[in-house]
Amino acid sequence: MDLALGYFLLASPIIVGAAAVGSAALGARYLMRAWEAFKTRPVVPRARRFYPGGFEQVMTRREAALILGVREHAVVEKIREAHRRVMVANHPDAGGSHYLASKINEAKDVLMKKGRSPDSAF
């Protein structure tokens, strides 16, 4: 066996080990920098999933759409379907609130343009 080949065979585990340690160190360095960048990023408020609460004095189209879970300019069939779904869940005969049922009905009327206008005397 050639003497150079013998030294190479003895040195190869050391070289492989050094390469593994070096790559682990570089990987750890990358992860630490990524973590620091993540911690210092600006805090962006997340979108709220729910309406913050309360009812307005005069129901708007936006509030009515939020109550029924549809868009403000939804088609009549979507409004009826959403009204039925929400009303079944909150009907007074099934243990729901009379107040909420009246608000659900008012939301349907507002979106279907059956409600009285805000400047109406009645």
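Report follows, based on the coordinates. Here the structure is a predicted model, which means the values were calculated and not measured. In this convention, every chain numbers its residues from 1, walking through the sequence in written order. Reporting in this predicted model follows two pLDDT cut-offs: at least 70 for local features of residues, and 80 or more for side-chain atom pairs to be given and counted; totals over whole chains, interfaces and linings ignore these cut-offs and use all residues. Only heavy atoms go into the side-chain values, all of them from the structure, while hydrogens and water stay out.

## What to know about the environment of Val70
No. 1: Within the secondary structure layout, Val70 lies in the loop between helix H2 (61-68) and helix H3 (76-90).
No. 2: C-alpha separation for the pair Val70 and Leu111, spaced 41 residues apart in sequence, amounts to 9.7 Å.
No. 3: In this analysis, two residues are considered to be in contact whenever any of their non-hydrogen atoms come within 4.5 Å of each other. Setting aside residues up to four positions removed in sequence, Val70 forms contacts with Ala65, Lys78, Ala82 and Leu111. Every helix listed is a DSSP run of H or I at least four residues long, and every strand listed is a run of E at least two residues long, numbered separately from the N terminus.

## Regarding the nonpolar core
No. 1: Take the buried residues of types Ala, Val, Leu, Ile, Met, Phe, Trp, Tyr and Cys, join any two whose side-chain atoms come within 4.5 Å, and each joined set is a nonpolar core. For the exposure calls, accessible area comes from a 1.4 Å probe over protein chains only, and a residue counts as buried if that area is under 20% of its type's maximum, exposed if over 50%, partly exposed in between. Counting residues in hydrophobic clusters, the biggest one holds 14 residues, and the most contacted among them are Ala64, Leu68 and Leu111.
No. 2: Mapped by element, the contributors of at least two residues to this core are H2, H3 and helix H4 (98-111).
No. 3: A total of five residues in this core trace back to one element, the largest contributor, which is H4.
No. 4: Not counting the four nearest positions on each side in its chain, Leu68 is found in contact with Ile79, Ala82, His83, Arg85, Val86, Ile104, Ala107, Lys108 and Leu111.

## Concerning the packing of H2 against H4
No. 1: In this analysis an axis means a line fitted to C-alpha atoms, helices contributing only their contacting stretch, and an angle means the value between N-to-C directions, from 0 to 180 degrees. Viewed as axis vectors pointing N to C, H2 and H4 meet at an angle of 125°, and their least axial separation amounts to 9 Å. Considering their axes alone, H2 and H4 lie oblique with respect to each other. Crossing angle aside, the handedness with which H2 passes H4 is left-handed. Across the interface between the two elements, Arg61, Ala64, Ala65, Ile67 and Leu68 of H2 pack against Lys103, Ile104, Ala107, Lys108, Val110 and Leu111 of H4.
No. 2: Amino acid classes used here: Ala, Val, Leu, Ile, Met, Phe, Trp, Tyr, Cys and Pro are nonpolar; Asp, Glu, Lys and Arg are charged; the rest, including Gly, are polar. Here the residues of the contact of H2 with H4 sort into eight nonpolar, no polar and three charged. Roughly parallel refers to an angle under 35 degrees, roughly antiparallel to one over 145, roughly perpendicular to one between 65 and 115, and oblique to any angle outside these ranges. It is the rotation of the near helix from the far one that decides the hand of a crossing: anticlockwise by less than a right angle makes it left-handed, clockwise makes it right-handed.

## Remarks on the packing of aromatic side chains
No. 1: Geometry of aromatic contacts follows a simple scheme: Phe, Tyr and Trp rings, the Trp one being its six-membered ring, pair when their centres are within 6.5 Å, and the pair is stacked under 30 degrees between planes, edge-to-face over 60, tilted otherwise. Following the criterion strictly, the structure yields one aromatic pair and no others.
No. 2: Charge-over-ring placement is defined geometrically: NZ (Lys) or CZ (Arg) within 6 Å of the ring centre, and within 35 degrees of the ring normal. Positioned above the aromatic ring of Phe38 is the side chain of Arg41, whose terminal nitrogen or guanidinium carbon lies 4.0 Å from the ring centre.

## Some thoughts on the pattern of salt bridges
No. 1: We define a salt bridge as a contact between a side-chain nitrogen of Lys or Arg and a carboxyl oxygen of Asp or Glu at a distance within 4 Å. Applying the stated criterion to the full structure yields three salt bridges.
No. 2: Salt-bridge contacts for Lys39 lead to Glu36; the nearest nitrogen and oxygen are separated by 3.5 Å. Note that Lys39 and Glu36 are positioned in helix H1 (residues 3-39) at a spacing of three residues, about one turn of the helix.
No. 3: Taking the relative accessible area as the measure of exposure, Lys39 reaches 48% and is therefore partly exposed.
No. 4: Residue Glu77 is joined to Arg80 by a salt bridge in which the shortest nitrogen-to-oxygen separation is 3.3 Å. Separated by three residues within a single helix, Glu77 and Arg80 lie in helix H3, roughly one turn from each other.
No. 5: Given the relative accessible area of 42%, Arg80 is considered partly exposed.

## Quick word on a nonpolar patch on the surface
No. 1: Together, Phe55, Tyr99 and Leu100 give the surface a local cluster of nonpolar side chains, amounting to about 280 Å² of exposed area.
No. 2: For Phe55, the position within the fold is in the loop between H1 and H2.
No. 3: Overall, Phe55 belongs to the partly exposed group, its relative accessible area being 36%. Patch membership requires more than 30% relative accessible area and the absence of a salt bridge. Residues of like charge join within 9 Å; the nonpolar side chains Val, Leu, Ile, Met, Phe, Trp and Tyr join within 5 Å. All accessible areas in this document rest on Shrake-Rupley with a 1.4 Å probe, and a residue is counted as covered only by the protein chains that are shown.

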